[in-house]
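Chain residues, written in single-letter form:
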Amino acid sequence: MGSQTRNGLLALALLALPSAAGAQEVQLTGPLAGAPAIKRLVLHRAGRLHLTVMPTFTFGDEYVRHLLAGARVEYNLLDFLAIGLWGSYGVYTVENGLSDEVQNKAYANEGSQDYNQNLNFPYGDNSGDFYGRPRFPDQLGRIQWVGGAQLTLAPLRGKVGLVGKAFVDVDVFGFVGAAAVGVQERANTERPTNEDNPASIATASRTTFAPMFGAGINMYFNNFIGMTMEYRALPFSWNRSGTDECCTDEGEAFPDHKIDDQDRQLSFNQMFSVGVIFALPTTPTIDE
Amino acid sequence: MTFSTDEAQQPPAEGQPAEGEPAEGQPAEPAPGGDVLGELAAQQQQTAAPEERRAPRRALREEVVAVQQIYALRKGRVEIAPSFGISMNDPFVSHPALALALNYYVTEVLAIGANILWFDYGPAGNLTTDTNFQVGRSFRLVIPITEYQIAASLNFSYVPLYGKFALFREFIVHWDAYVLGGVGAFRTRPVPVVDPDNRSFDWGLRISVVNPGIGFRVYSSRFASIFIELRDYIFLEKFESLEINGDDPRDPDTWLADGSTLVNNVMFNAGLTIFFPFTFDYRLPK
């Protein structure tokens with residue numbers, strides 16, 4: 001089981017755990033008997049629209065790290081229930097160390113025609129006769145944009161004291177939804193039969209759909225401005241490395257010498273966002 | 001002084017004091033005959049009858065808010081925390097661990113203790129990932145990897161945050177957050193991938209320092225909670241040498257790479273916390 005799959009299952013298990021372990025015993029006698037747990041609670045969510053500007057970065061990527069710029073719009077039906085839309089556009093990608101290692105040290109057989117027929121790495125070491133050829137990062141899969149709808153549940157509401165001086169209202173939320181994802185991958189191609197021409201690394205864009213889930217925390221600095229931090233995962237299959245990974249099922253032969261949809265592999269595509277919340281109307285209601 | 005039934009049935013005229021009572025705003029006359037209680041009462045009436053009362057500067061609160069005691073005290077209690085951990089930042093080998101932590105709270109916010117992580121507990125420990133396999137298969141590259149056997153650390157914990165959450169505005173949930181650090185050691189060894197036919201490695205000890213971490217506890221009772229923790233174990237690791245000695249590949253002195261590599265093993269743990277003793281007494285100021 002891959003590390004990303006394991007991490008994703010762990011995230012799912014944690015989200016499935018009750019976010020609160022139990023209830024405070026209510027005093028049956030005394031001045032607090034029959035009293036509600038909270039009075040005059042500031043309802044930062046109920047009946048308000050939350051506009052959140054939030055940059056997002058991916059983590060746990062094997063080859064490419066993404067930075068996306070996006071926003072979230074949520075209407076809070078109740079103080080603990082909201083529906084919303086989230087969208088993000090990839091503005092920057094950076095290859096990580098593994099990508100550099102593959103580019104600098106991968107299979108290159110000088111003097112042989114094998115590299116041209118190497119579907120996975122048709123570059124050589126990019127020196128001498130291979131100078132100016134495309135590089136390994138050119139065939140890597142990248143997330144171009146994401147857009148989705150989500151249902152948010154915010155069961156926990158409280159306060160946090162920052163070094164005992166500043167106190168902010170907070171709530172903890174989880175969400176589930178679905179998203180459309182625009183990805184760029186290596187286009188379908190086959191191992192060349194002509195030994196003089198390397199395999200194509202042209203890329204193609206497509207749209208895929210994925211479930212979306214996550215959790216986060218909102219902190220409210222005043223009546224209409226706050227901050228959010230959230231974890232988000234979008235599991236879907238795509239060919240991140242641009243390599244021939246098919247086929248390993250029973251009865252199939254590996255490799256199949258072509259790049260196509262059968263080379264896509266499941267990834268949890270984890271992301272972390274930090275954003276600024278603007279709430280409308282600017283004045284929240286106060287519970288009785 | 002004479003009374004008549006007519007006088008007894010008639011109340012005093014409005015604005016006029018009742019017979020024997022001082023007029024409004026007027027201090028009471030001292031009682032005759034040296035009556036101490038009467039004198040005291042007269043003095044109190046003097047001081048309590050200012051000519052005008054000042055209007056309150058702000059509206060008085062109608063209710064008194066009761067301050068709730070901390071739900072679970074920690075001072076003087078021992079914490080036992082079994083958990084399951086998983087490495088977060090190793091793309092080539094997954095290191096799931098069974099962990100156990102033991103802490104003693106010297107004060108309400110400061111604890112000393114130790115924790116142990118067991119990695120080599122069977123087939124599920126130290127698993128190579130799909131990325132490690134596919135990089136080798138697709139690009140004919142070998143990635144030097146290591147496996148962990150066991151790790152232990154002495155720790156200091158500090159609890160800077162304590163608070164309460166309301167669950168659906170009906171139930172109160174108590175929580176706290178802590179930071180920790182310490183020193184420890186990892187027992188690791190390289191996995192021979194460059195020259196597995198000739199090389200084999202013994203377990204070695206790597207000292208881990210600082211080991212910063214942060215955790216979050218939610219209390220289910222006054223002695224139990226569930227927690228999550230993220231911690232970075234920092235140590236210098238020895239990897240397999242990428243070069244093979246053509247003259248004598250079985251020379252153990254050539255199997256390890258020159259120098260060491262700084263490794264940050266980020267572990268995410270989730271588990272239970274049990275405090276002993278189960279109960280505690282509040283000592284209120286006299």
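Residues numbered from 1 in each chain as written. Chains lettered and ligands numbered in written order. Predicted model: local features only at pLDDT ≥ 70, side-chain atom pairs only at ≥ 80, totals over all residues. Heavy atoms only, no water.

Attention now moves to the overall build of chain B. The number of helices and strands found in chain B is three helices and eleven strands. Scanning chain B from its N terminus toward the C terminus, one meets helices and strands in the order α-α-β-β-β-β-β-α-β-β-β-β-β-β. Long-range contacts, defined as pairs at least 24 residues apart, comprise 68% of the intrachain contacts of chain B with a sequence gap of at least 6. As displayed, chain B offers around 17800 Å² of accessible surface, 58% of which is attributable to carbon and sulfur atoms. (Helix = DSSP H or I, 4+ residues; strand = E, 2+ residues; numbered from the N terminus. Contact = heavy atoms within 4.5 Å. Areas by Shrake-Rupley, 256 points an atom, 1.4 Å probe, with all protein chains shown as cover.)

On to the overall build of chain A, then. Helix and strand content of chain A: two helices and 14 strands. Residue pairs at least 24 apart in sequence account for 69% of intrachain contacts in chain A once pairs closer than 6 positions are excluded. A total accessible area of about 13600 Å² is found for chain A, and carbon and sulfur atoms account for 59% of it.

Here the focus is unusual backbone geometry. With an omega dihedral of -5°, the bond running from A:Leu280 to A:Pro281 counts as a cis peptide bond. Its place among the elements puts A:Pro281 in the loop between β13 (270–280) and β14 (285–286). B:Pro277 follows B:Phe276 through a cis peptide bond whose omega is -5°. If you trace the backbone, B:Pro277 turns up in the segment after β11 (261–276). Non-glycine residue B:Asn211 carries a positive phi angle of around 45°. Positionally, B:Asn211 belongs in the loop between β8 (204–209) and β9 (213–219). Under the relative-accessibility criterion, B:Asn211 is labelled buried at 0%. (Buried < 20%, exposed > 50% of the residue type's maximum accessible area, 1.4 Å probe, protein only.)

All names here are of chain A. The sheet contact formed by strand β6 (residues 166–186) and strand β8 (residues 203–220) spans 18 bridges and is antiparallel. Following the sheet pairing, Phe 175 is matched in β8 by Gly 214. As judged from the eight bridges shared by β8 and strand β9 (residues 225–233), these two strands associate in the antiparallel manner. Paired with Ala 215 across the two strands is Tyr 231, which belongs to β9. (Pairing = 2+ DSSP bridges.)

So, on to the confidence of the model for chain B. A low pLDDT means the predicted coordinates there should not be read in detail. Residues and elements named next belong to chain B. Here chain B shows a mean pLDDT of 82. Residues at 70 or above account for 74%. Counting contacts from residues 1–34, a segment whose pLDDT is below 50, to residues more than four positions away or on other chains yields 14 contacts. Here the predicted complex scores 0.75 on pTM and 0.73 on ipTM. (pLDDT = per-residue confidence, 0-100.)

Before going further, it helps to spend a moment on the pattern of salt bridges. Residue and element names in this part refer to chain A. As enumerated under the stated definition, the model contains 20 salt bridges over all chains in all. As a salt-bridge pair, Arg 45 and Glu 74 come within 3.9 Å of each other at their nearest N and O atoms. Of the two residues, Arg 45 is situated in the loop between β1 (42–43) and β2 (49–59) and Glu 74 in strand β3 (residues 64–76); the sequence distance between them amounts to 29 residues. For Glu 74, a relative accessible area of 1% translates into the label buried. Close ionic contact of Glu 185 with Arg 206 constitutes a salt bridge, the shortest N to O distance being 2.5 Å. Of this pair, Glu 185 sits in strand β6 while Arg 206 sits in strand β8, and the two are 21 residues apart along the sequence. Salt bridges linked by common partners bring Arg 45, Arg 72, Glu 74, Asp 171, Glu 230 and Arg 232 together as one network. (Salt bridge = Lys/Arg side-chain N within 4 Å of Asp/Glu carboxyl O.)

With that out of the way, let us pick up helix α2 (residues 97–105) of chain A. Of all the positions in α2(A), only A:Leu98, A:Ser99, A:Val102 and A:Gln103 are classed as buried. Buried residues along α2(A) cover an arc of 135° about the axis, so they all sit on one side. Packed against the buried residues of α2(A) are β4 (81–95) of chain A together with α3 (130–139) of chain B. (Arc of directions from axis to C-beta.)

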